[in-house]
There are 2 protein chains.
Amino acid sequence: MPQAIKNRPRLSIAEDINRNIDYLTRTERQCARVLLSNYPFIGLEKVASFAKRAEVSAPTILRLVGKLGFSGYPEFQQRLREELEERLQTPLTKHEEPQSALEDDDFLAKYSNSVERNLSRTLKALPRAEFEAVLKLLSDVKRPVHLAGGKLTSTIADYFYRHLIMVRPNVRRIENDSYAWSEHLIDMDRRDVVIIFDVRRYQPELLELARLSSQCGARVVLFTDQWLSPVSGIANHVIPVRIDVPSSWDSAVSTLMVVEAMIAALSNRDWSRVEARVKAREKLAEKSRLEN
Amino acid sequence: MPQAIKNRPRLSIAEDINRNIDYLTRTERQCARVLLSNYPFIGLEKVASFAKRAEVSAPTILRLVGKLGFSGYPEFQQRLREELEERLQTPLTKHEEPQSALEDDDFLAKYSNSVERNLSRTLKALPRAEFEAVLKLLSDVKRPVHLAGGKLTSTIADYFYRHLIMVRPNVRRIENDSYAWSEHLIDMDRRDVVIIFDVRRYQPELLELARLSSQCGARVVLFTDQWLSPVSGIANHVIPVRIDVPSSWDSAVSTLMVVEAMIAALSNRDWSRVEARVKAREKLAEKSRLEN
DNA sequence: CAAATTTTGTAACTGTAATTACAATATCTG
DNA sequence: CAGATATTGTAATTACAGTTACAAAATTTG
């Protein structure tokens, strides 16, 4: 079978090589082994490096790639990258063993694990400067803050709102209904801060809101997923979080974590002021209760 | 510092970007964000692909790469590959490395760590039988479900509500205002399920609601913290979660995780029914949009 | 063992990716 | 708001990676 090896449904390149290794010539086999030996990194290098490592000539590599059913080296590399990306997204199933016993019958554990993964990836990818910048904006109590979210994320906006209002004055919730926007936009200028939550299945209304706010000169802060909402083009600060879980729905856990961390940081920063505010509010609540 | 950013000892490119993101221009920052958002794969593509994904021109990418201290794109990619290889070779060590060093000056990391700790402790302490039991109640679409929460936790109740309503019919939100309770209580019997969220600083009203519901014969499900709300005395099922973090406020992350896991489990269990429901709802939304 | 056949490397070639120069645009500043 | 400065994209250029043709070497086969 010196012709091109048929490309089966969806084998990984490594598996494909293993199955068809006898159809390869001696030097080709050598290349294949080198590739498999620390798969798939050598395949991501240039042809020349690969060839050198395998101690063969470049054309031999290309012939191998051809036999594996690819039309060219770039296509082969593209596929390797896709595989790698996929593999890195689900490390638990392939990489790890000890938990697998639990995982199968313990859905909660499985879910929790993937949430934990999201958290650490979020942590890693989140630019601290952005986090700090947003914190700085929120610390400035002179700046009015407006919060908005999408169909599902507005819950998180609400959570943020309820806590922020305990920590500082001048916070408002933008209703989901776009008819009410004008109430916010009318007084908006460069002092204002608009916080928008927008994840997958990005809502066009939110983009519109961001645009209008930005035109007023307001600072726009965006919480979004790793694929970035279109609002990211407008926003002054972007906080990307991980939302992918083994579910039909997205996870808001990482978003919530960042929001909570912001509130915590704000509170800790000058607790005395916050404390006074909380106490004052409690007193007021007490009073209004007695009057009822 | 608009010149090339100094290349410190051995920062990963991601970290380097995170530290120096404010020295980048707007579009460069956009590139950086796209790269970080699913690091490092876009960086392994050709410049053109990267540029397209980031919605900028190729030279912008190259300028970014230059600022990061690389002499050219190939060098940058080489480094990315090395990082990736290194990272994949050490599966477990990596997880522990950032904690100690960063914690001091990185509040976000500190917070995230304590949240992660909460998650695993929650996972450990959560009785699977309770989880399953609640799941079973929710699977039974004939049972009306009512959701209520406290001053801060009602946001989570709301999150649960919005997802449940997509998964099954017969779900209602109990307003925070106790005047509205009668609307729910009037028709309540042993088929009904009342889900209550109540954590530290337990609200007496919620205890009252639980009592009344229970008297109607309804099943009461309680989400609470590790110290258990007084509602736990009445509730048929109790889901305890961890809420303690280095903050003046409590964390709702673990609660949210369990809620999400429930929704995911429900959806996965019989997806075909859920899918039909989701599609039907989309169709209706479409229709009503057209009519406006 | 020689002819046929396959395999492999060399070297020339080609196409495309990375780079650069420069003009257009946007942003800042007095 | 104009001039200055910084930023960004377009288009031309360069360099090099990937490809191909072909000849040399190795292997197979009669």
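Refer to the preceding data block for the structure.
Not measured: the values here are computed from a predicted model. (Residues numbered from 1 in each chain as written. Chains lettered and ligands numbered in written order. Predicted model: local features only at pLDDT ≥ 70, side-chain atom pairs only at ≥ 80, totals over all residues. Heavy atoms only, no water.)

Draft legend 1. Inspection of the overall build of chain A at higher detail. Regarding its fold elements, chain A presents 15 helices and five strands. Projected onto its principal axes, the C-alpha coordinates of chain A cover approximately 90 × 45 × 35 Å. Here chain A, with 292 residues, has 53% of them falling under the buried criterion. The contacts in chain A between residues at least 6 apart in sequence include a share of 67% that link residues at least 24 apart. (Helix = DSSP H or I, 4+ residues; strand = E, 2+ residues; numbered from the N terminus. Buried < 20%, exposed > 50% of the residue type's maximum accessible area, 1.4 Å probe, protein only. Contact = heavy atoms within 4.5 Å.)

Draft legend 2. Summary view of the pairing of strand S1 (residues 145-149) of chain B. All names here are of chain B. Counted residue by residue, S1 has five buried out of five residues, so it is predominantly covered. Burial of the side chains of S1 extends over both faces: Val 145, Leu 147 and Gly 149 are buried on one face and His 146 and Ala 148 on the other. Of the pairings in the sheet, the one linking S1 to strand S2 (residues 171-173) comprises three bridges and is parallel in character. Of the residues in S2, the one forming a bridge with Val 145 is Val 171. With respect to chirality, the unit in which S1 leads through helix H10 (residues 154-167) into the neighbouring parallel S2 is right-handed. Relative to strand S3 (residues 193-197), S1 runs parallel, the two sharing five bridges. Residue Ala 148 lies in a different strand from S3, and its bridge partner there is Ile 196. (Pairing = 2+ DSSP bridges. Right-handed = clockwise from strand over helix to strand, strands pointing away.)

Draft legend 3. Seen up close, the protein's contact with DNA strand C. Not every one of the 15 residues close to DNA strand C is listed here, only the nearest: A:Thr25, A:Thr27, A:Thr60, B:Val47 and B:Leu62. Considering the 4 Å shell around the protein, atoms of DNA strand C inside it are sugar or phosphate in 67% of instances. Within the backbone of B:Val47, one N or O atom sits 2.9 Å away from a phosphate oxygen of DNA strand C. Taken together, the elements giving at least two residues each to the surface near DNA strand C come down to helix H2 (26-37) and helix H5 (58-67) of chain A together with helix H5 (58-67) and helix H6 (73-89) of chain B. Considering each element in turn, the surface near DNA strand C owes the most residues, three residues, to H5(A). Looking at the surface near DNA strand C residue by residue, the class counts come to seven nonpolar, five polar and three charged. (Near = heavy atom within 4 Å. Polar contact = N/O pair within 3.5 Å; in protein donor to acceptor, adjacent residues only side chain to side chain. Nonpolar A, V, L, I, M, F, W, Y, C, P; charged D, E, K, R; others polar.)

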